[in-house]
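If you want the building blocks of each chain, they are given just below.
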Amino acid sequence: QVQLVESGGGLVQAGGSLRLSCAASGGTFSSYTMGWFRQAPGKEREFVASISNDGGREYYGNVVEGRFTIYRDNAKNTVALQLNSLKLDDTAVYYCAGGLLPGRFELWGQGTQVTVSS
């Protein structure tokens, strides 16, 4: 069973950048589609981005607006999310997720907090 651990969250000013990382262990990372989701206080979890198991296809949620990029390195069992031009509304807990079937994510990390200040 793959386990996921996120890192890289923190406090950043609006307009700034952060890079979130997710390290996987305990399984065949390259078999999984990987994704990032986020959940703000009082709101439902929302899709941010995903990347196919071979890294050849990327998908982004409407919230991204061209500001975020997802990467993966199967040799290092990591997936990252580069966040640029951050807005106050990007404040949320960001979760790394993995799934073996299209559109389904059964593995979840513990989350990392991103706080954007004015």
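Above: the structure in question.
Counting restarts for each chain: residues are numbered from 1 in the order of the written sequence. Predicted model: local features are reported for residues with pLDDT of at least 70 only, side-chain atom pairs are reported and counted for 80 or more only, and whole-chain, interface and lining totals are derived from all residues. Side-chain numbers come from the whole structure's heavy atoms, not from hydrogens or water.

J.: Describe the packing of aromatic side chains, with residues and values.
T.: Ring geometry is summarised as follows: Phe, Tyr and Trp rings, the Trp one being its six-membered ring, pair when their centres sit within 6.5 Å, and such pairs are stacked at plane angles under 30 degrees, edge-to-face over 60 and tilted between the two. Counted by the stated rule, this structure contains three aromatic pairs. Considering the side-chain rings of F37 and F47, the 5.5 Å spacing of their centres and the 70° angle between planes classify their relative orientation as edge-to-face. Here the residue F37 occupies a position in strand β4 (residues 33-39), and F47 occupies one in strand β5 (residues 46-51), the gap between them amounting to ten residues. Its relative accessible area of 29% is what places F47 among the partly exposed residues. Put simply, DSSP marks the helices as runs of H or I at least four residues long and the strands as runs of E at least two long, and each gets a number from the N terminus on. Relative accessibility under 20% of the residue-type maximum defines a buried residue, over 50% an exposed one, and the middle range a partly exposed one, all with a 1.4 Å probe and only protein chains included.

J.: Account for the sheet that holds strand β1 (residues 3-7), naming residues and giving values.
T.: Note on pairing: DSSP must find at least two bridges between two strands before they are called paired. Pairing is antiparallel across the open sheet formed by four strands, whose spatial order is β1-β3-β8-β7. Each having just a single partner strand, β1 and β7 (68-73) make up the two edges of the open sheet. Averaged over all pairs of adjacent strands, the angle between their axes in this sheet comes to 15°, without regard to strand direction. Only the stretch in contact is used when fitting a helix axis, every axis being a line fitted to C-alpha atoms; angles between N-to-C directions are given from 0 to 180 degrees.

J.: Before we move on, can you summarise the layout of surface pockets with the specific residues and values?
T.: Considered as a void within the structure, the largest pocket measures approximately 200 Å³ in volume. Any residue with an atom within 4 Å of a point lines the site, the site being either a cavity, points on a 1 Å grid over the protein atoms alone where a 1.4 Å probe fits but cannot get out, or a pocket, an open set with protein on both sides within 12 Å along at least 5 of 7 lines. Lining the largest pocket we find T33, F47, S50, S52, N53, R57, Y59, L100, L101, P102, G103 and F105. Polarity classes work like this: nonpolar for Ala, Val, Leu, Ile, Met, Phe, Trp, Tyr, Cys and Pro, charged for Asp, Glu, Lys and Arg, and polar for all others, with Gly in that last group. Looking at the lining of the largest pocket residue by residue, the classes come out as six nonpolar, five polar and one charged. Grid points are joined across faces, edges and corners, and a volume is the space filled by probe spheres set on the points.

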